[in-house]
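One-letter residues, chain by chain:
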Amino acid sequence: MLYYYYFPFWESFLTACGAKVKLSPPTNKSILQRGLELAEGEICLPVKAFIGHVAVLASEVDYLLAPRVVKPVKKGYSCPKLLGLPDIVRGLFATTSKLLFPLVNQERERESLADWLEIGRKISGLSYWKLKRAYRIARCVQQKVEKSRQRVGYQADGGLRVGLIGHPYILRDSYLSLSLVERLRKKGVEVYLSEEVGRNQIRRAVSGLPKPLFWSFEEELVGAALFWTQNNLAYGLILVNSFGCGPDSLSQVLIETEISKHREMPFLNLIIDEHTSEAGFLTRLEAFLDMLVWRKINAG
Ligand code: SF4
């Protein structure tokens, strides 16, 4: 899950400490099945998949990294399930001595730094100064990758432009998202991803909301939807979220309410879980795209 946000930092820091970083394979049927067997039924699909990934890795590594992300940005919390990932791992797997769960909190940088230095000391034995240097370099690597993810320019090439709103751990996971991004691109749709919208653009887009958003990853979703709408960049928006996700159910209502204040924006909400039927998912997608094409032709 958090791999999609923080992997550049993790890899850079751990490699500098001399560790060999091992990743679980991309999500597949058997990984999800393991997650389903171990997870509590009410939990959202991405966390079930996460548990399956931990099950695959747990016996193959010396340490497992599952950071506790409390505040990914200043004044914004992560969802309670993301916050509790280390506790889920500890509860389900007997890995207490293997588990590394550094704090990620943009308002408590000293504590986060201390946690990472402690991890570095544990796995490498490098000096304090070398570890601190590795930490700084890893932060720079992370910032560069985050910057390169941001879309610069929205040149219209006459194709159908669709804003895809969803957490990267859903949209970039081909198995969980039923290859939605790839399918849209194959159909010639120009796809904009919510993770490509920069933080400043998000902040500006949500600045008119009556209240600041409590969850920072939700702010990303709402901010991206508003940014594309306010700047007239997309013909339609698709929100993909997981059944059982509390924060997304609020974002969905907020997005629908707010975009309708700006202009008539076609909006499709696809909710996924382990029972999602591919046929039903595709039928809704096809119908939505047909409607967008029809609107585009009739708008001249
Ligand atoms: S934001 Fe939703 S999908 Fe993501 S971890 Fe939390 S409950 Fe699950």
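Since we're looking at a predicted model, the values are computed, not measured.

1. Side note on the site of the ligand
Within the structure, the ligand sits among Cys44, Pro46, Val47, Cys79, Lys81, Leu82, His167, Ser242, Cys245, Gly246, Pro247 and Asp248. Within the residue set of the shell around the ligand, elements represented by two or more residues are helix 3 (45-57), helix 4 (80-83) and helix 12 (246-262). Among the elements that take part in the shell around the ligand, helix 12 stands out by supplying three residues, more than any other. Here the residues of the shell around the ligand are counted per class, giving seven nonpolar, three polar and two charged. Three or more residues apiece are contributed to the shell around the ligand by two domains, here domain 1 (3-149) and domain 2 (161-299).

2. Quick notes on unusual backbone geometry
You will see that Lys75, though not glycine, has its phi angle at about 60°, which is positive. Structurally, the position occupied by Lys75 is in the loop between strand 2 (68-71) and helix 4. Among the residues examined, Lys75 registers 12 C-beta atoms within 10 Å and is labelled exposed. A positive phi angle is found at Asn232, which is not glycine, with a value near 55°.

3. Re the domain arrangement of the chain
Partitioning the chain into structural domains gives domain 1 (3-149) and domain 2 (161-299). Averaged C-alpha coordinates put domain 1 and domain 2 at centres separated by 27 Å. At the interface, 22 residues of domain 1 touch 25 residues of domain 2. Within the residue set of the side of domain 1 that touches domain 2, elements represented by two or more residues are helix 1 (3-16), helix 2 (29-38) and helix 3. Of all the elements, helix 3 adds the most residues to the side of domain 1 that touches domain 2, at four residues. Here the residues of the side of domain 1 that touches domain 2 are counted per class, giving 14 nonpolar, four polar and four charged.

4. What to know about the nonpolar core
If you look at the biggest cluster of nonpolar residues, it comprises 71 residues, and the most contacted ones within it are Phe13, Ile165, Ala224, Ala225, Leu237, Ile238 and Val240. Per-element tally for this core: the top contributor is helix 11 (residues 216-230), with eight residues. Residues from two domains meet in this core; each of domain 1 (3-149) and domain 2 (161-299) gives at least three.

5. Describing the packing of helix 10 (residues 199-206) against helix 11
Remark: helix 10 packs on helix 11, axes separated minimally by 8 Å, with the N-to-C direction vectors making an angle of 80°. When the axis of helix 10 is compared with that of helix 11, the two are roughly perpendicular. Here helix 10 contributes Gln201, Ile202, Ala205 and Val206 to the contact with helix 11, which in turn contributes Glu219, Glu220, Val222, Gly223, Ala224, Leu226, Phe227 and Gln230.

6. Notes on the pairing of strand 8 (residues 267-272)
Where strand 7 (residues 236-242) and strand 8 come together, six bridges link them in parallel fashion. Residue Leu237 lies in a different strand from strand 8, and its bridge partner there is Phe267. Remark: the strand 7/helix 12/strand 8 crossover connection has right-handed handedness.

7. Quick look at helix 1
The end-to-end C-alpha distance of helix 1, which contains 14 residues, comes to 18 Å, matching closely the 20 Å that a straight helix rising 1.5 Å per residue would cover. Remark: the principal bend of helix 1, roughly 30°, maps to Phe9. Of all the residues in helix 1, the buried ones are Tyr5, Tyr6, Phe9, Trp10, Ser12, Phe13 and Leu14. Directly beyond the C-terminal end of helix 1, a positive phi value near 90° is found at Gly18.

Thresholds, definitions, all that
- Numbers given for residues are sequential positions, taken from 1 along each chain in its written order.
- It should be noted that, the model being predicted, local features are given only for residues of pLDDT at least 70 and side-chain atom pairs only at 80 or more, the latter also being counted only at that level, while totals for whole chains, interfaces and linings use all residues.
- As used in this record, a residue near a molecule or strand is one whose C-beta atom, placed from the backbone, is within 6 Å of it.
- The secondary structure listing takes helices from DSSP runs of H or I that are at least 4 residues long and strands from runs of E that are at least 2 residues long, numbered from the N terminus.
- Under the scheme applied, nonpolar residues are Ala, Val, Leu, Ile, Met, Phe, Trp, Tyr, Cys and Pro; charged residues are Asp, Glu, Lys and Arg; polar residues are all the others, including Gly.
- In this entry, domain limits derive from an automatic or database-based domain assignment.
- Note on burial: count the other C-beta atoms lying within 10 Å of the residue's C-beta; 20 or more is buried, 12 or fewer is exposed, in between is partly exposed, and C-beta positions come from the backbone.
- This entry defines residue contacts through backbone-placed C-beta atoms, with two residues in contact when those atoms are within 7 Å.
- The term nonpolar core refers to a set of buried Ala, Val, Leu, Ile, Met, Phe, Trp, Tyr and Cys residues connected through C-beta atoms within 7 Å.
- Lines fitted to the C-alpha atoms define the axes, with helices restricted to the stretch that makes contact. Angles between their N-to-C directions range from 0 to 180 degrees.
- When describing relative orientation, an angle under 35 degrees is termed roughly parallel and one over 145 degrees roughly antiparallel, while 65 to 115 degrees is termed roughly perpendicular and anything else oblique.
- Criterion used throughout: strands pair if DSSP finds at least two bridges between them.
- Whether a crossover is right-handed depends on one test, that the path from the first strand over the helix to the second runs clockwise when the strands point away from the viewer.
- Here the expected length of a helix is defined as 1.5 Å per residue gap, with one fewer gap than residues.
- Note on bend: at a given residue it equals the angle between the axes fitted to the 7 residues ending there and to the 7 starting there.

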